[in-house]
Structure formats: structure tokens, C-alpha cells
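Descriptive structure summary
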Amino acid sequence: MAWFTAPVTFVDGSILTASDLNTTVTTIRDGTVTVPHGGTGLVGGTSGGIPYFSSATALATSNALTANALLLGGGAGAAPSALASLGTTTTVLHGNASGAPTFAAVALATDVSGTLAAAQFPALTGDITTSAGALATTLANAGPGATGPIGSTTVTPVITIDAKGRVTAFTSATIAAGLAAATQAEMEAASSTTVATTPGRTHYHPGVAKAWAKWNDAGTIAASYNTTSITDTGPGDHTWTIGTDFSSSDFAAVAVGELTSVTLHIRPQAAGTQQILSAGVDTPFSNTDATTWHAAAFGDQA
Amino acid sequence: MSHCACFTLPDGTVGIVRPNPVLVVALLAPTVADAMAFLDHRKQGLAATVVTPLYRAMVARTEQEAVRVVAERDARRLALARGLLPDDAAALTVMEATGLLAPDASRRWRNCWRRAGAGAPAVDMPLARAQRMSEVRRERTARLAASDSAIMTAHEQNDRARTTALTAYRQTLRDLPATTRPTVEACTTPAQLEAWQPTWPVDPTA
């Protein structure tokens, strides 16, 4: 190795003294190399932290980052930081357009949309409960070749099922006819072909007897419908009183007697009573008991 | 059902209401809901709007009370239907049905049943005798009419014997109500009156 003695004069005339050399060597040994000189400008950092550019020409160290935490950028000149929450096994990270994201449970009402394919529907192992008490289900159209209204390829019925799985409504342009119960007005109008007759309202139909009875000459009832009593006011003179009245005295009553020698005839009537007289065939002006009386009445019920 | 209800109309006519026996049994149920269930089971077609007021009107849960409330309702409706006032179906009394028919089981004198106040109906014998005499006169008139052609023929044929016989026969017929009245008046019970028959003269042409 060749040594030289200071000062040293370079060919361009500049002089390097011993003092200059001592200063440079000390700086290299005890100081840092700044970012512009290819260094970091750092002599240490925070344990668990990371270095970051605090300016265009300087690095700095962040605070310690929580174990397993997600790292959030700090923006220009600011240190990155850890997301405060680690979340739980039942939460997911929700984005935030203007701030830090957060962990939260999935809200089905606001977080989920789109159509769930039938193949992706999970198997149910318990009861479905709904706060509103109803679950609307729309059936898909049946494929070509189906017959009858339920298999219609042009009609989409809607079935509404309540929380207990009961069908509470079924609507369709063609299928509703068989499932909706007729009202009293519809039964009395007797014209609808899109509602169904139910046992509790059958008697409102104009073609159905509103009351009937069978009784003997003493007025003792053997069988009856909508009948409260028979009143005997004389031989061959009985009054039949019904439960629910007709809407007026204009109703049709028919009566026959179980005795070949008598004929029954009807007297002017009230909405809830019908006087029936029995006369002998040979004595038409004299009332005569019939062995057994039969009567039925038709009309509009109140 | 062993009871019925009896009432009296202004003309003295006796009415007897026989309630629907199934309704009477239903009204004895512990609750009106039970009553309706029973009526529905027996297919009576009686609405709750009809049954409930009757059930609530009962002061005791007995058959007599059930008969009373049904009979009061229907007797009033009968009176209104006949152009009377509701209370014209007066003196309504619940009584044993069997005893009711005892005086006139055959109902031969049903038109003559009358009541004293709220008592049981009985056959009014003067009325019954009048009814029987009316029947005799109606029969007498028919027999006279049947002999009209015979006496005319006898006159035309100048058959004096036949004319005389027919004239006597017809006069006996005309007198029959008067001649038989004492025997009718002697009948003091419905059974005696039902058994009584007039002695009809013999038709000379028979």
C-alpha cells in the first residue's frame, strides 16, 4: 500500500488537508447517511413499527403495530397505523367511503341483494319465523306441456304463507276461483264463477231452502232446520216460526200433509212466521188435522 | 220434551207453542257457546243471533224456562203476523204436554179449547155442543139436498104415497136439530159428546 502525506494537491489545484480528512472520517463513523445520499437518515426505530416517508427526503418510524391487525395508510406525511378492532368470527369488514373500515355483522335487510339460485338455498333444519307474520313466495311458471290451471304456462300464481306455514292467500287470474270463499253477497247474487261455496254460507244461495220442518198434528217437531217452534192454534191451523227471518214477507213456502184426504194451504205470511192450514178434501171449508206436516221455505234471508 | 206453552188470543182461541226440542236441550247447556256447538252438531241451522238472546233471557237453566223463552218469542211473532198486538198472545203458561191433551186426546173438540186465566185448556162444553149441532145441521142439509130430486120426481109422477113419505122424511130432517138438542145438551163430557150420534130418519127411497 502507498501512503501519502497531507496536504495533497490535486491536478486541478485543490488542496486536501489533514483536517479535511479527519472531519470526513469522523462523520462516516458517528453519523447517518441521509435519504438524498442513499441512506435512511435513521439511527433507530420503534420495535414493532415500520419505517415510512415522513417527507420527500426523510424517513421516520411508525408506532408499534398490534399483532394481527390490519394496516391503515396514514396519508401524506403521516404514519401508517393499525385498525383498532380485530373483529370476531361472526363479523365481516365493512368498507367506509370516507373513513376507516369497521368490523360488523351482516345485516340481511341492507347488506344483501340479488337473486339466490334455488341450488344455493340452504337446507332448513328448524322453523322459519318472521316478524311480519308472512312470507311471500312466487312460484315459477310450469314448463311447456303442463295442463290445467295450476300448471299454466301463462299464469304465475302467488302463494302467501304465514309464519306457521299456512297458506293465507292464493291469487291468480285463473286459480283464485277455486280457493276464495264467497261472501254472503256473492252467495245471494248467485252469479260469480270465481269464488267457492263454503258450508257456513251455502244457505245464503237463493236456490237453497232457508228453513224446513216436519211435525205432527199436535205441533211436535220431528226434524227441522232454522226452526224455533210450531204453534197449534186449532185443528188444521199451525204456525211455523223460524229462527233467522227472511228479509221481507215475500218468500216462497211449500207445505204438504201426510194424509191423503187433506190439502195444505198457505196464509199471508210475515218475515219470520208462516201460518199453514190443513183442510179436508171433502170439507174444504173446515180445517182438519193432517197426520204429519212437511214445510220448506225459500227466499232472501235477512 | 215434556213441556209446552199455552197462550190465549183475544178471541179466546187457545194457542199451544211446541218449541224445537233440540233448541230446548241446547238452552240447558252451561254456556251459550256450548249451546251453539250442540245445535251445530245436530245440524239445526240456528244462528247465534237467534239463540243468544233466548239463552240470556232464561232466569233458570231448566226445561220449563227454555220452553218459556222460546214460546214468548214465537207467540209474540204469531200475534204480530195476525195483525194483533204482541201482548195479545196473553197468559202464556208453561205446562206438561201430556196433561194438556188429556181432556181431548183425539183433538175432536180442538176448536172448543178454552182457558180460565192462566189455567190449562179445557173443552168448553157449550161450544163443543154448538159445534156438534152445527155439524148435524150441515149433515141434515146435505141429506135434504139429496132428496130434492126424489120428491120432485114423485110430484111429477103424481105418486102420492111416495110424496107423502118423502115429505114426512124431509120434515123430520128439518126438525132434527130441535128434536135432538135435548140429548146433545145432556152430554156433559167431551167423551160423551164424541160418542153421541143423532137418530137419522130412514130415507124412504133407500
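The structure contained in this document is the topic of the report that follows. (Residues numbered from 1 in each chain as written. Chains lettered and ligands numbered in written order. Predicted model: local features only at pLDDT ≥ 70, side-chain atom pairs only at ≥ 80, totals over all residues. Heavy atoms only, no water.)

Looking only at helices and strands, chain B has 8 helices and 5 strands in total. The secondary structure elements of chain B, listed N-terminal to C-terminal, are β-β-α-α-α-α-β-α-β-β-α-α-α. Per-residue burial over chain B gives 43% buried out of 206 residues. Sequence-distant contacts, at least 24 apart, represent 59% of the contacts inside chain B between residues at least 6 apart. Accessible surface computed for chain B: about 10300 Å², of which carbon and sulfur atoms make up 57%. (Helix = DSSP H or I, 4+ residues; strand = E, 2+ residues; numbered from the N terminus. Buried < 20%, exposed > 50% of the residue type's maximum accessible area, 1.4 Å probe, protein only. Contact = heavy atoms within 4.5 Å. Areas by Shrake-Rupley, 256 points an atom, 1.4 Å probe, with all protein chains shown as cover.)

Our next topic: the sheet that holds strand β13 (residues 221-225) of chain A. Residue and element names in this part refer to chain A. Taken together, 4 strands build an open sheet; the order of strands is β13-β12-β19-β16 and the sheet is antiparallel. Each edge of the open sheet is held by one strand with a lone partner, namely β13 and β16 (252-257). Neighbour-to-neighbour, the strand axes of this sheet turn through a mean angle of 10 degrees, independent of strand direction. Note that β16 and strand β19 (residues 292-298) share 6 bridges and pair antiparallel. Across the sheet, the residue bridging to V254 is A296, located in β19. (Pairing = 2+ DSSP bridges. Axes fitted to C-alpha atoms, helices over the stretch in contact; angles between N-to-C directions.)

On to the interface of chain A and chain B, then. How big an interface is tends to be reported as the loss of accessible area on association of its parts. Contacts between the two partners involve 30 residues from chain A, matched on the other side by 27 residues from chain B. Both sides of the chain A and chain B interface together cover about 2200 Å² of buried area, and 47% of this is carbon and sulfur. It is A:T228, A:D232 and A:T233 in chain A that bury the most area against chain B; as a group they hold 23% of the surface buried on that side. At the boundary of chain A and chain B, one finds 4 salt bridges. Its salt-bridge partner being B:R82, residue A:D237 comes within 3.4 Å of it at the nearest N-O pair. Where chain A meets chain B, there are 20 residue pairs in polar contact (both at pLDDT 80 or more). Elements with a minimum of two residues in the side of chain A that touches chain B: β13, β14 (227-234), β15 (237-242) and β18 (273-280) of chain A. No other element matches the 8 residues that β14(A) contributes to the side of chain A that touches chain B. (Buried area = accessible area lost by both parts, 1.4 Å probe. Salt bridge = Lys/Arg side-chain N within 4 Å of Asp/Glu carboxyl O. Polar contact = N/O pair within 3.5 Å; in protein donor to acceptor, adjacent residues only side chain to side chain.)

Along an α-helix, a turn takes 3.6 residues, which lines up residues three or four apart on a common side. Residues and elements named next belong to chain B. Here helix α6 (residues 125-156) spans 46 Å end to end across 32 residues, near enough to the 46 Å set by a 1.5 Å rise per residue. Of all bends in α6, the biggest is about 35 degrees, found at S147. Remark: N158 follows α6 within two positions and exhibits a positive phi of approximately 55 degrees. (Expected span 1.5 Å × (residues − 1). Bend = angle between axes of the 7 residues up to and from the residue.)

Next up on the list: the packing of helix α3 (residues 48-57) of chain B against helix α4 (residues 63-81) of chain B. Residue and element names in this part refer to chain B. Where α3 contacts α4, the two axes come as close as 9 Å, and the packing angle between them is 125 degrees. Accordingly, the angle class assigned to the pair α3 and α4 is oblique. Here the hand of the crossing between α3 and α4 comes out right-handed. On the side of α3, the interface is formed by V50, L54 and A57, while α4 contributes E65, R68, V69, V70 and R73. Among the residues making up the contact of α3 with α4, the classes are represented as 5 nonpolar, no polar and 3 charged. (Parallel < 35°, antiparallel > 145°, perpendicular 65-115°, else oblique. Left-handed = near helix turned anticlockwise from the far one by under 90°. Nonpolar A, V, L, I, M, F, W, Y, C, P; charged D, E, K, R; others polar.)

Using the criterion set out here, one finds 3 aromatic pairs over all chains in the structure. For the pair A:W215 and A:W240, a centre-to-centre distance of 6.4 Å together with 35 degrees between the ring planes defines the contact as tilted. Residue A:W215 is located in strand β12 (residues 211-216), and its partner A:W240 is located in strand β15; the two are separated by 25 residues in the primary sequence. The exposure classification of A:W215 matches that of A:W240, with both residues buried. On the basis of an interplanar angle of 5 degrees and a centroid distance of 4.1 Å, the ring pair of A:F246 and A:F251 is categorised as stacked. Taken individually, A:F246 and A:F251 each receive the classification buried, so the pair is uniform in this respect. Above the ring of B:Y55, the side-chain terminus of B:R61 is found at 3.7 Å from the ring centroid. (Phe/Tyr/Trp six-rings, centres within 6.5 Å; stacked < 30°, edge-to-face > 60°. Lys NZ or Arg CZ within 6 Å of the ring centre and 35° of its normal.)

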